[in-house]
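Summary of structural features
One letter stands for each residue in the lines below.
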Amino acid sequence: MKRKQTDQTRDVDDKAKSIVNGTLVWDNHGCMPVGAPFGTDFLPELRRYRDAGVNIVSLNVGFGEMNVADHFQTLATIRRWVSMHDDYMLVSSTSDVYLAQQTGRLGVCFDIEGANAIGDQLSLISAYHSLGVRWMLLAYNRNNLAGGGCQDDDEGLTAFGHDVVREMERVGMVVCCSHTGYRTARDVLKIATQPVVFSHSNAHGVAAHPRNIPDDLVRECAQTGGVVGVNGIGLFLGPADEDQAELVATHIDHMVQLVGPRHIGLGLDYVFDTGELKTHLAKMRSTFPSEFGYDTDISMLAPEGVPDVVASLLRRGYPESDIRAILGGNFLRIAREVW
């Protein structure tokens, strides 16, 4: 549903665009093709982030059932591409973040969805970190050696998972509990000594899906100093006939009412290659079971929709300072504290 344009809505929309263009915008999770062959041109997709006003994006280099070699191949391919194009830069420190914003380049770091990426080798955590991976989640929907997934019989954080958390904290990699089972997430939050994030998770209190997190996990995340990044996946947002930007703002607002604006951010989870997405959904039925809605067409809020989210927050009475924190300031704080 599109809002009818009036002078008032146009003024709000113009203000929203001005805020986006004048502040740090950090999308904490975007999905390029994984396992892409050498020579793949990511330019059309990444340019969309820059054109939409995004300054920093964390790109996924692997998830779920992918093996160690697949993760390293994807990471090497995207790193090489970014390093060869002047409009983009690899970021691994907060000073890099500031430099990317000041020079008008898109700053790129990396993330991993699930500890399958390390197999049973803790040493791979520091290897990934040295190549720009700045967060990793413990499990991806299904159980693994580290802990339980959110769509599996979650038995909690394992002894190996405990070691994974400790090693991630040691090297400066942010621990993430998106896609992770509630029991395992609670175990992580109890032992964490640094901020924990849910990089791209929505509010179960708004839309009851097992991929979304209940209010108590939002509170416990905030107690670690962490941040929940709201995603734009229609399946996790709510009714399909409602405006997606409004729904993203509703999830943000729900969690802000719980923990305040300093613990909420954006992790849109936008997938550029929808053909690859459909292939994964069909191939990995145990990870994406039809009873949880994965057999339908997956709608997504694109990076270009960020100003619409901001406009919705403005209409809800949010001050600019809170919006700027949600757009990027909160994930920048996590980077300062953990990276």
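Residues numbered from 1 in each chain as written. Predicted model: local features only at pLDDT ≥ 70, side-chain atom pairs only at ≥ 80, totals over all residues. Heavy atoms only, no water.

Now for the overall build of the chain. On a plain count of helices and strands, the chain comes out with 13 helices and 10 strands. Relative to the globule expectation of 20 Å for 339 residues, the C-alpha radius of gyration of the chain, 18 Å, shows essentially globular dimensions. Overall, the C-alpha framework of the chain stretches about 60 × 45 × 40 Å when taken along its three principal axes. Of all 339 residues assigned to the chain, the portion counted as buried reaches 59%. Residue pairs in contact within the chain that sit at least 24 positions apart in sequence constitute 74% of those at least 6 positions apart. As presented, the chain carries roughly 13200 Å² of accessible surface, and 49% of it is formed by carbon and sulfur atoms. Taking the average location of the 30 positive side-chain charges in the chain and that of its 43 negative ones, the two points are 4 Å from each other. (Helix = DSSP H or I, 4+ residues; strand = E, 2+ residues; numbered from the N terminus. Rg over C-alpha atoms; globule rule 2.2 N^0.38 Å. Buried < 20%, exposed > 50% of the residue type's maximum accessible area, 1.4 Å probe, protein only. Contact = heavy atoms within 4.5 Å. Areas by Shrake-Rupley, 256 points an atom, 1.4 Å probe, with all protein chains shown as cover. Lys, Arg positive; Asp, Glu negative; His and termini not counted. Charge placed at Lys NZ, Arg CZ, Asp CG, Glu CD.)

Take helix α10 (residues 244-259) next. Compared with the 22 Å implied by 1.5 Å per residue over 16 residues, the 23 Å span of α10 between its first and last C-alpha is a close match. Within the sequence span of α10, burial applies to Gln 244, Ala 245, Leu 247, Val 248, Ala 249, His 251, Ile 252, Asp 253, Met 255 and Val 256. Buried positions along α10 lie against α8 (215-223), β8 (228-230), α9 (234-237), β9 (264-266), α12 (306-315) and α13 (320-338). A side-chain oxygen of the first residue of α10 lies 3.1 Å from the backbone nitrogen of Ala 245; this N-cap is Asp 243. Phi for Gly 260, located one or two positions after α10, is positive at around 90°. (Expected span 1.5 Å × (residues − 1). Polar contact = N/O pair within 3.5 Å; in protein donor to acceptor, adjacent residues only side chain to side chain.)

When you tally the buried positions in strand β5 (residues 133-137), you get 5 out of 5 residues, the bulk of the element. Inspection of the sheet shows strand β4 (residues 106-113) paired to β5 by 4 bridges, in the parallel sense. Residue pairing across strands places Phe 110 opposite Val 133, the latter belonging to β5. Handedness of the crossover joining β5 and strand β6 (residues 174-176) through helix α6 (residues 159-171): right-handed. (Pairing = 2+ DSSP bridges. Right-handed = clockwise from strand over helix to strand, strands pointing away.)

What follows is about the pattern of salt bridges. One pass over the full model with this rule turns up 13 salt bridges. A salt bridge links Arg 316 to Glu 246, with the nearest nitrogen and oxygen atoms 3.3 Å apart. Here Arg 316, found in the loop between α12 and α13, pairs with Glu 246, found in helix α10; they are 70 residues apart in sequence, far enough to count as distant. Across the pair Arg 262 and Asp 322 runs a salt bridge whose closest N-O atoms are separated by 3.4 Å. (Salt bridge = Lys/Arg side-chain N within 4 Å of Asp/Glu carboxyl O.)

Relative to the elements of secondary structure, His 179 occurs in the loop between β6 and α7 (182-191). In this structure the side chain of His 179 is engaged in a polar contact, spanning 3.4 Å, whose partner is the side chain of Arg 211. Once residues within four sequence positions are removed from consideration, His 179 is found in contact with Glu 113, Leu 137, Ala 139, Tyr 140, Asn 141, Gly 149, Cys 150, His 200 and Arg 211.

Glancing now at empty space enclosed by the protein. Taken as a whole and judged by the stated rule, the model has 3 cavities of 30 Å³ or more. Contributing to the lining of the largest cavity are 23 residues, with Tyr 140, Asp 269, Val 271, Leu 277 and Phe 288 lying nearest its centre. Of all elements in the fold, only β2 (56-63), α9 and α11 (274-283) reach the threshold of two or more residues within the lining of the largest cavity. By residue number, the principal contributor to the lining of the largest cavity is α11, which donates 4 residues. Classifying every residue of the lining of the largest cavity gives 14 nonpolar, 5 polar and 4 charged. For the second largest cavity, the calculated volume is near 60 Å³. As for the second largest cavity, its lining consists of Trp 26, Asn 28, Cys 109, Arg 134, Trp 135, Val 174, Val 197, Phe 331, Ile 334 and Trp 339. When contributions to the lining of the second largest cavity are tallied by element, the ones reaching two or more residues are β1 (26-31), β5 and α13. (1 Å grid on protein atoms, 1.4 Å probe; cavity = no way out; pocket = protein on both sides within 12 Å on 5 of 7 lines; lining within 4 Å. Points joined across faces, edges and corners; volume = space filled by probe spheres on them. Nonpolar A, V, L, I, M, F, W, Y, C, P; charged D, E, K, R; others polar.)

Here we come to unusual backbone geometry. Its identity as a non-glycine residue notwithstanding, Asn 141 has a phi of 70°, on the positive side. A positive phi angle, near 65°, is found at His 179, a position not held by glycine.

The next thing to look at is the packing of α7 against α8. Running from amino to carboxyl end, α7 crosses α8 at an angle of 20°, the nearest separation of the two axes being 10 Å. The orientation of α7 with respect to α8, classified from their angle, is roughly parallel. The two elements α7 and α8 meet at a crossing, and its hand is left-handed. Along its contact with α7, which presents Tyr 182, Ala 185, Arg 186 and Leu 189, the element α8 presents Asp 216, Leu 217, Glu 220 and Cys 221. Residues that form the contact of α7 with α8 fall into these classes: 5 nonpolar, no polar and 3 charged. (Axes fitted to C-alpha atoms, helices over the stretch in contact; angles between N-to-C directions. Parallel < 35°, antiparallel > 145°, perpendicular 65-115°, else oblique. Left-handed = near helix turned anticlockwise from the far one by under 90°.)

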